[in-house]
Amino acid sequence: MTDTMLTSYRKSIDNIDAALIHLLAERFKVTQAVGRYKAEHGLPPADPAREEAQIARLRALADAAELDPDFSEKFLRFIIDEVIRHHERVRG
């Protein structure tokens, strides 16, 4: 592998990482709005049935994309836990 090739791979990785950060920022903007909505309407911060459905859906997507479903579940669980913490904070 040449340095030029490695540089090209790394540039692609950097672009993907930047896109992931922007996607996460947009996702958290929406989930923060959901947290405010839940707080205003007396809804619980967590929705275990929705979480399980999302995990199952994303595990299937990961499998179809040839990504380790266990990894995708761990990643999604981390995000869900952060969202719930935000919702609990908003709820007070």
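Please refer to the structure higher up on the page.
Every value quoted in this text rests on a predicted model; they were computed, and no experiment measured them.

What counts as what
- Residues numbered from 1 in each chain as written.
- Predicted model: local features only at pLDDT ≥ 70, side-chain atom pairs only at ≥ 80, totals over all residues.
- Heavy atoms only, no water.
- Helix = DSSP H or I, 4+ residues; strand = E, 2+ residues; numbered from the N terminus.
- Expected span 1.5 Å × (residues − 1).
- Buried < 20%, exposed > 50% of the residue type's maximum accessible area, 1.4 Å probe, protein only.
- Contact = heavy atoms within 4.5 Å.
- Polar contact = N/O pair within 3.5 Å; in protein donor to acceptor, adjacent residues only side chain to side chain.
- Phe/Tyr/Trp six-rings, centres within 6.5 Å; stacked < 30°, edge-to-face > 60°.

Novice: With reference to specific residues and values, describe helix H3 (residues 69-91).
Specialist: The end-to-end C-alpha distance of H3, which contains 23 residues, comes to 32 Å, matching closely the 33 Å that a straight helix rising 1.5 Å per residue would cover. Burial in H3 covers these residues: Pro 69, Ser 72, Leu 76, Ile 79, Ile 80, Val 83, Ile 84, His 86 and His 87. Looking at the buried residues of H3, the elements they touch are helix H1 (3-40) and helix H2 (48-64). Here H3 starts with a cap whose side-chain oxygen sits 3.0 Å from the backbone nitrogen of Asp 70, and that cap is Asp 68. Where H3 ends, the next residue or the one after it, Gly 92, has phi of about 80°, a positive value.

Novice: Go over the environment of Glu 52, please, and point to the residues and values.
Specialist: Structurally, Glu 52 can be placed in helix H2. Under the relative-accessibility criterion, Glu 52 is labelled partly exposed at 48%. For Glu 52 and Arg 77, which are 25 residues apart along the polypeptide, the C-alpha to C-alpha distance reads 9.8 Å.

Novice: Tell me about the packing of aromatic side chains, and please be specific about residues and values.
Specialist: Throughout the structure, instances matching the rule amount to one aromatic pair. A centroid spacing of 6.3 Å and a plane angle of 20° characterise the contact between Phe 71 and Phe 75, whose relative ring orientation is stacked. Here Phe 71 pairs with Phe 75, and both are found in helix H3, just four residues apart, close to one helical turn. For Phe 75, a relative accessible area of 41% corresponds to the partly exposed category.

Novice: Lay out H1 with the relevant residues and their values.
Specialist: Its 38 residues give H1 an end-to-end C-alpha distance of 55 Å, which sits within 8% of 56 Å, the value for a rise of 1.5 Å per residue. Turning to H1, its buried residues are Phe 28, Thr 31, Gly 35 and Lys 38. Looking at the buried residues of H1, the elements they touch are H3. Phi turns positive one or two residues past the end of H1, at Gly 42, with a value near 65°.

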